Amino acid sequence: MMGKSLFPQGCSMKRNLVVIGNGMAGARTVEEILTRGGADLFNITMFGDEPYGNYNRILLSSVLNGTQQEQEIFLNPIEWYRENKITLHVGVYAESILRKSRCVLGADGTIEPYDKLIIATGSRSHVPSLEGVTMDDGSDKPGVFVFRTLDDCREMAEYARGSRGRAVIIGGGLLGLEAARGLQSYGLQVDVVHRGLHLMNQQLDPQAGSILKTTMEQMGVGVLLGKNTTAVLGEDRVTGLRFADGSGLACDMVVMAAGIKANAEIGRRSGLQVQRAIVVDNQMRSVTDPNIYAVGECAQHRGHVYGLVAPLWEQAKVLADHITGRDPSAAYHGSKVATKLKVMGVEMAAMGIVEPVDERDEIVQFTEPKRGTYKKLIIRDGRLIGAILLGDISKAAYLMQVFDRGTPLPEERLSLLFDIGAPAKKITIEEMPAEMQVCNCNGVTKGALTACIKAGKRSLNAVMEATRAGMGCGSCKSIVNEIIEFACGGEVEEDPSIHFYVPGVPLSKPDLIRAVKEQGLRSVSAVFGALAGGKEDPASKPGLASLLNTIWAGEYVKERDARFINERVHANIQKDGTFSVVPQIPGGVTTPAELRRIAEVAEKFRVPMVKLTGGQRIDLLGVKKEDLPDIWRDLGMPSGHAYGKSYRTCKSCVGTDFCRFGIGDSTTLAIKIERNFQGIDTPHKVKMATAGCPRNCSEAMVKDIGVVAVEGGKWEIYIGGAAGAHVRKGDILCVVDTHEDVLKYAARFMQYYRENAKYLERTYGFVERAGIDKIRAVVVDDSEGIAAKLDSAIQASINAYRDPWKEAYTAARATEFSSLLPVIQ
Amino acid sequence: MTATEMKITLGPLSLIPPGEGRSFEIAGERIAVFRTRGGRLFATQADCPHRNGPLADGLVGGSTVICPLHGWKFDLSTGAAAPASCTLKTYSVSLTDQEQLVLTLPVPEP
Ligand code: SRM
Ligand SMILES: Cc1cc2nc3c(=O)[nH]c(=O)nc-3n(C[C@H](O)[C@H](O)[C@H](O)COP(=O)(O)OP(=O)(O)OC[C@H]3O[C@@H](n4cnc5c(N)ncnc54)[C@H](O)[C@@H]3O)c2cc1C
Ligand code: SF4
Ligand code: FES
């Protein structure tokens, strides 16, 4: 097969750019070239011998251990090449470069002429030439693996699944430990055999290495140090290893992770200067041929060959600046390697040297082996020249910055290790130079983030999506968020959409409510029609449905498609598409008859799990969609609304009925509360609790609304409490005398929250934002004269309540509960 | 290789309420059919490529569906995920004069 003609006809002004290698460096360099207008300058052709587009190699360990799926790690899927008019010879190995006639030959016979050529062939795992590592005929021995590509990952996973014995990793560096963690998830015994005397000797000192070893052993990974492997045993597949000291170890599979070797042969064969890798100048050009560039792990710059992604992003930028002529003076001066890594779940950061080399070098150190924490800094002339952080890397961002810039350190050394009088975070963000890299997985600088924020992206997700920052290991997300907060604060203009109630309708909540009322919009589709130019935004539908239900109560025109699946089928969707059923058990008080019915239903419908919930009720999990209506009918209990953005439950303690300390009847109150508020739509979940005395056994002080009996026959009402992802003690709204008053103020607060909170804003956020004093003034003292209106609005919603479980099996909703419709042919 | 087509009648349009989707099992394949409020019909593979979420249970608007499990978004007409990472298989679905849903599947000739 021929590629483009060797003698192009016509007068295309574009030159041919060929890239060999479609990995992290190759694809990133092409992206950088495209952002510099490269599409107008070049016809771009790429060779990649892996049968895919470009994926994030550093996430392979997550694929191996099953925390990420293969398709989640693709950075440039095949469509990307098509969209950018790049010819990709996928699965084609580039065999040689004919420098005289300036073309590249592919193994399948492709010939591609070039004006400029980029070599980005990366490296491969180094397989030591041990006895028995291959079969006698030189073919691969079953059970011997390397860990470099997606295919390696698949093969290892398949083999590991089929065996139940032991896997041995040869090499105790970053890669080896990642492989160990991955293989452990297949239920194998995993051991790491390392020639060095401590783990990760490139990044860590002996002390840190030994702490890491202990941590790994606690996780069940065996570690053998100072072991030289001499042979791989087994006739037709791996059965064990032999070491130089004569000892041996039986095993079923071996992973070679003993270093990498640059794929530089193609350079050597075509006469380029190659030492450990292809030797390049400060513009990333081969020192032998100015039309040929090399980038990534196959390039050697000033004697260094880098094996991590951060340096490669810098190289790609310089190369792109130079090849497009955007900045002909761009130069690469080498990278100061500072890395943040997560190895086997242990967070670590390492930069610069590992041991002092000069007697001027000062060491600041902290060790807490029991907790797996270790921190060591090497300082010369008041500047940081090396650091190791293990276990606790909270200071990593700051240290990486001062390391990178060579900033003089504060006299108070302690503050370098811990957050005591350390520079405040704000100042750190502010002082952070624009070129400082924030996301080390995807090479995103603070400058790139601020540019993206300035261009209008304001939420963490939007910024992450646009820049890919935080989409790798995720450890930089909090810094990205801080940068967004920092850049959005102050004079930066705000994106109006953050004030919209839902993204798809350009109105704030008060404006939206006004428009809905004025125009009498009673359904979600009517709102899109009247207020969003007819454009339906699916993500905005549930928020609108909730608001319309709040505004119109019984007059709201229900449209099932506007609701999230949970609220369509009145049950909570599970990871496998089944559902959970939680019947109402107000105050956690039930009866033997009810329990018997639940038990019978669970047996009859073979419910896979019956569980007591944290909300004092019973959850039937793993129910098939088609069984839902029948289960509800057999249960004969009302819905517990455990699936909705709505009032949920009211937990209770036993209270005065039995408890010797009870001073208020908390169970009766809880039951009244539940009957009153069942199913009321709210911006987010509302969970309540009542406690019979200040011992607070039902945890009422940390509920959205909590009620606690206090001496003197009174009830304290707390609002805005939380004890989930966020923990907050509620604020006292008021103290009242009767159950009726509890219901009155709880209802009024609930309606105020319904009308004023953003969609998906829990009360803990809302109460803080609106302020307890303001809320108390409105709800208790009626400072705005709206109390009566709030009361009648929520009463209308209470009156409009119908138990959805009862409706479901009386109403004719033909296909609502079928998960799969059969087709008769 | 040329391809012929196979037409399969799924049943009346009323199986799918406006703005929703339903999954069908056809010759061992699971296919989701969507009917938008604007009256357009779409058909795609039924299982989300992320973690097999039931796409027919997702929220639909314009020509987008949002998977109910982790919120991945797909364009129903092209099958493309946003942001681009993978693509759903799409099929052609139409309506007869009698309001019957008809799915057209390509059948490769032996
Ligand atoms: C079943 C249950 C766990 C259990 O087995 O005990 C549970 C299960 C879920 N919780 Fe919970 N939570 C349960 C009690 C709690 C509690 C304790 C409580 O209610 O007293 C809390 C802390 C209080 C709170 O609500 O903040 C709690 C805080 C959360 C959160 C964190 C909310 C926050 O903003 O802090 C989420 C996530 C969310 O809402 O986005 C969540 C989300 C979930 C979801 C709905 C996840 C989901 O979207 O699928 C789980 C649904 C499983 C299912 O289908 O049943 N669940 N969850 C509990 C049901 C209680 C009930 O009877 O209704
Ligand atoms: C499991 C694993 C975990 C890692 N974790 C981290 C980490 O946490 N942090 C970090 O910074 N780095 C990590 N790395 C290292 C990082 O992935 C590499 O530094 C980076 O991928 C190098 O990019 P590259 O483009 O130079 O090489 P590669 O990404 O290997 O790309 C080279 C591509 O060129 C192809 N190729 C080679 N020769 C030819 C040819 N002749 N013709 C056609 N195609 C060819 C190869 O098949 C490959 O697809 C990890 C690596 C692995 C394997
Ligand atoms: S804590 Fe809640 S949300 Fe998390 S897994 Fe358990 S039930 Fe699910
Ligand atoms: S299964 Fe669809 S988004 Fe996760």
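Small disclaimer: the values here were computed from a predicted structure and weren't measured.

1. Observations regarding the site of ligand 1
Residue and element names in this part refer to chain A.
Move 1: Surveying the vicinity of ligand 1 reveals 21 residues, the closest of which are Gln574, Thr613, Gly614, Lys685 and Tyr764.
Move 2: Between Gln574 and ligand 1, the recorded distance is 2.4 Å, taken from a side-chain N or O atom to an oxygen atom.
Move 3: Between an oxygen atom of ligand 1 and a side-chain N or O atom of Lys651, the distance comes to 3.4 Å.
Move 4: Across the shell around ligand 1, the residue classes break down as four nonpolar, nine polar and eight charged.

2. So, unusual backbone geometry
Move 1: Even without glycine at this site, A:Met200 takes up a positive phi of about 50 degrees.
Move 2: Its relative accessible area of 1% is what places A:Met200 among the buried residues.
Move 3: Of note, B:Glu99 is a non-glycine position whose phi angle comes to about 60 degrees, a positive value.
Move 4: Structurally, B:Glu99 is set in the loop between strand E9 (90-95) and strand E10 (100-108).

3. Here's the deal with the sheet that holds strand E12 (residues 166-170) of chain A
Residues and elements named next belong to chain A.
Move 1: Across the sheet, five strands lie side by side as E11-E18-E12-E13-E14; this open sheet has parallel pairing. Pairing within the sheet leaves two strands with one partner each, and these edge strands are strand E11 (144-146) and strand E14 (222-224). Here the average twist between neighbouring strands, direction ignored, is 25 degrees.

4. Some thoughts on the nonpolar core
Residues and elements named next belong to chain A.
Move 1: Ranked by size, the top nonpolar core spans 53 residues in total, and within it Leu117, Ile118 and Ile119 carry the most contacts.
Move 2: In this structure, Ile118 is in contact with Leu17, Val18, Val19, Ile20, Thr29, Ile33, Tyr293, Val295, Leu319 and Ile323, ignoring residues within four places of it in sequence.
Move 3: Counting 46 residues, the second largest nonpolar core, distinct from the first, contains Met156, Ala157, Leu177 and Ala179.

5. Some words on the packing of helix H14 (residues 460-467) of chain A against helix H15 (residues 477-488) of chain A
All names here are of chain A.
Move 1: Packing of H14 against H15 brings their axes to within 10 Å, and their N-to-C directions diverge by 110 degrees. Taken together, the axes of H14 and H15 are roughly perpendicular relative to one another. Note on packing geometry: the crossing formed by H14 with H15 is right-handed. Of H15, the residues touching H14 (which contributes Leu460, Val463 and Met464) are Lys477, Val480, Asn481 and Ile484.
Move 2: A class-by-class count of the residues in the contact of H14 with H15 yields five nonpolar, one polar and one charged.

6. Considering the pattern of salt bridges
All names here are of chain A.
Move 1: One pass over the full model with this rule turns up 49 salt bridges over all chains.
Move 2: With its nearest N and O atoms 3.7 Å apart, the salt bridge here joins Glu816 to Arg560. On the criterion of sequence distance, the pair formed by Glu816 in the loop between helix H27 (804-810) and strand E41 (821-822) and Arg560 in the loop between helix H18 (541-552) and helix H19 (565-569) is long-range, its members being 256 residues apart.
Move 3: Residues Lys714 and Asp737 are paired through a salt bridge, measuring 2.8 Å at the closest nitrogen-oxygen approach. Residue Lys714 is located in strand E37 (residues 714-719), and its partner Asp737 is located in the loop between strand E40 (731-736) and helix H23 (739-756); the two are separated by 23 residues in the primary sequence.
Move 4: What makes Lys714 partly exposed here is its relative accessible area of 34%.

7. A word on a negative patch on the surface
Residue and element names in this part refer to chain A.
Move 1: On the surface, Asp136, Asp137, Glu235 and Asp236 cluster together to form a negatively charged patch.
Move 2: Summarising the element assignment, Asp136 is placed in the loop between strand E10 (123-125) and E11.
Move 3: For Asp136, a relative accessible area of 88% translates into the label exposed.

8. Overview of helix H1 (residues 24-35) of chain A
Move 1: For H1(A), which comprises 12 residues, the first-to-last C-alpha distance of 17 Å matches the rise-based estimate of 16 Å (1.5 Å per residue) to within 8%.
Move 2: A:Gly37 sits one or two residues past H1(A) and shows a positive phi near 80 degrees.

9. Some points on the pairing of strand E15 (residues 229-233) of chain A
Residues and elements named next belong to chain A.
Move 1: Here E15 runs beside strand E16 (residues 240-243); their pairing, made up of four bridges, is antiparallel. Paired with Ala231 across the two strands is Arg242, which belongs to E16.
Move 2: Hairpin connection between E15 and E16: a loop of six residues separates the two successive antiparallel strands, and Gly234 in this loop has a positive phi of roughly 120 degrees.

10. Quick look at the packing of aromatic side chains
All names here are of chain A.
Move 1: As enumerated under the stated definition, the model contains 12 aromatic pairs over all chains in all.
Move 2: Between Phe145 and Tyr159 the ring centres are 5.3 Å apart and the planes differ by 65 degrees, which places this aromatic pair in the edge-to-face class. Of this pair, Phe145 sits in strand E11 while Tyr159 is found in helix H5 (residues 150-162), placing the two residues 14 residues apart along the sequence.
Move 3: Plain terms: the ring middles of Tyr753 and Phe766 are 5.5 Å apart, the flat faces sit at 55 degrees to each other, and that makes the pair tilted.

11. Here's the deal with the environment of A:Leu249
Residues and elements named next belong to chain A.
Move 1: When you line up the elements, Leu249 lands in strand E17 (residues 248-250).
Move 2: The class for Leu249 is buried, based on a relative accessible area of 17%.
Move 3: Between the C-alpha atoms of Leu249 and Thr239, which are 10 residues apart in sequence, the distance is 8.7 Å.

12. Let's talk about the interface of chain B and chain A
A common measure of how large an interface is: the accessible area buried when the components associate.
Move 1: The partner chain A presents 36 residues to the 35 residues of chain B that form the contact.
Move 2: A buried area of about 2900 Å², summed over both sides, lies between chain B and chain A, and 54% of it is on carbon and sulfur atoms.
Move 3: Per-residue buried area on chain B facing chain A is highest for B:Arg37, B:Asp57 and B:Leu59; these three make up 22% of the total on that side.
Move 4: For the pair chain B and chain A, the number of links is five salt bridges.
Move 5: On the surface where chain B and chain A come into contact, there are nine residue pairs in polar contact (both at pLDDT 80 or more).
Move 6: Looking at which element gives the most residues to the side of chain B that touches chain A, the answer is strand E2 (residues 20-26) of chain B, with six residues.

13. Considerations on the site of ligand 2
Residue and element names in this part refer to chain A.
Move 1: If you check the shell around ligand 2, you find 30 residues, and the closest are Ala25, Asp49, Glu50, Arg148 and Glu297.
Move 2: Interatomic distance of 2.7 Å between a backbone N/O atom of Ala25 and an oxygen atom of ligand 2.
Move 3: Surface burial for ligand 2 is 93%, taken as the share of its 990 Å² of free accessible area covered by protein chains.
Move 4: At the level of elements, H1, strand E2 (42-48) and helix H9 (309-323) are the ones that each hand at least two residues to the shell around ligand 2.
Move 5: Of the residues forming the shell around ligand 2, the biggest block, three residues, is contributed by H1.
Move 6: Looking at the shell around ligand 2, its residues break down into 15 nonpolar, 10 polar and five charged.
Move 7: Per-domain counts for the shell around ligand 2 show at least three residues from each of domain 1 (9-123 + 262-323) and domain 2 (144-258).

14. Quick notes on the sheet that holds strand E31 (residues 579-581) of chain A
All names here are of chain A.
Move 1: Spatially, four strands are ordered E30-E31-E33-E32 in an open sheet, and the strand pairing comes out antiparallel. At either end of the open sheet lies a strand with only one pairing partner, and these are strand E30 (572-573) and strand E32 (609-612).
Move 2: In terms of strand pairing, E31 meets strand E33 (residues 618-623) through three bridges, oriented antiparallel. Note on E33: the bridge partner recorded for Ser580 is Leu621.

15. Comments concerning the side chain of A:Ser62
Residues and elements named next belong to chain A.
Move 1: The topology assignment puts Ser62 in helix H3 (residues 60-64).
Move 2: Given a relative accessible area of 13%, Ser62 falls into the buried group.
Move 3: Excluding its chain neighbours within four sequence positions, the residues that come into contact with Ser62 are Thr67 and Gln68.

16. Some remarks on the environment of A:Glu297
Residues and elements named next belong to chain A.
Move 1: By the element assignment, Glu297 lies in the loop between strand E21 (292-294) and strand E22 (299-301).
Move 2: For Glu297, a relative accessible area of 11% puts it in the buried group.
Move 3: As for Glu297 and Thr121, which are separated by 176 residues in sequence, their C-alpha atoms are 7.5 Å apart.
Move 4: Every residue in contact with Glu297, bar those within four places of it in the chain, is listed here: Gly122, Ser123, Arg148, Ile260, Ala262, Ala277, Val305, Tyr306, Gly307 and Leu308.
Move 5: Within the structure, Glu297 has its side chain in polar contact with the side chain of Ser123 (distance 2.3 Å).
Move 6: Reaching out from Glu297, the side chain makes a polar contact with the side chain of Arg148 at a distance of 3.0 Å.

17. Some remarks on the pairing of E16(A)
Residues and elements named next belong to chain A.
Move 1: Sheet topology note: the E16/E17 ladder contains three bridges and is antiparallel. Paired with Leu241 across the bridge in E17 is Leu249.
Move 2: What sits between E16 and E17 in their antiparallel hairpin is a turn of four residues, with Gly246 showing a positive phi close to 90 degrees.

18. What to know about the confidence of the model for chain A
Residues and elements named next belong to chain A.
Move 1: On average, residues of chain A score 89 in pLDDT, and 95% of them are at 70 or above.
Move 2: For residues 421-427, every residue scores under 50 in pLDDT, and the model assigns this stretch seven contacts once sequence neighbours within four places are set aside.
Move 3: The model gives residues 490-494 a pLDDT under 50, and that stretch makes five contacts with residues more than four places away or in other chains.

The rules behind each value
Residues numbered from 1 in each chain as written. Chains lettered and ligands numbered in written order. Predicted model: local features only at pLDDT ≥ 70, side-chain atom pairs only at ≥ 80, totals over all residues. Heavy atoms only, no water. Near = heavy atom within 4 Å. Polar contact = N/O pair within 3.5 Å; in protein donor to acceptor, adjacent residues only side chain to side chain. Nonpolar A, V, L, I, M, F, W, Y, C, P; charged D, E, K, R; others polar. Buried < 20%, exposed > 50% of the residue type's maximum accessible area, 1.4 Å probe, protein only. Helix = DSSP H or I, 4+ residues; strand = E, 2+ residues; numbered from the N terminus. Pairing = 2+ DSSP bridges. Axes fitted to C-alpha atoms, helices over the stretch in contact; angles between N-to-C directions. Core = buried A, V, L, I, M, F, W, Y, C linked by side-chain atoms within 4.5 Å. Contact = heavy atoms within 4.5 Å. Parallel < 35°, antiparallel > 145°, perpendicular 65-115°, else oblique. Left-handed = near helix turned anticlockwise from the far one by under 90°. Salt bridge = Lys/Arg side-chain N within 4 Å of Asp/Glu carboxyl O. Patch = residues over 30% accessible without salt bridge, like charges linked within 9 Å, V, L, I, M, F, W, Y side chains within 5 Å. Areas by Shrake-Rupley, 256 points an atom, 1.4 Å probe, with all protein chains shown as cover. Lys, Arg positive; Asp, Glu negative; His and termini not counted. Charge placed at Lys NZ, Arg CZ, Asp CG, Glu CD. Expected span 1.5 Å × (residues − 1). Phe/Tyr/Trp six-rings, centres within 6.5 Å; stacked < 30°, edge-to-face > 60°. Buried area = accessible area lost by both parts, 1.4 Å probe. Domains from an automatic or database assignment. pLDDT = per-residue confidence, 0-100.

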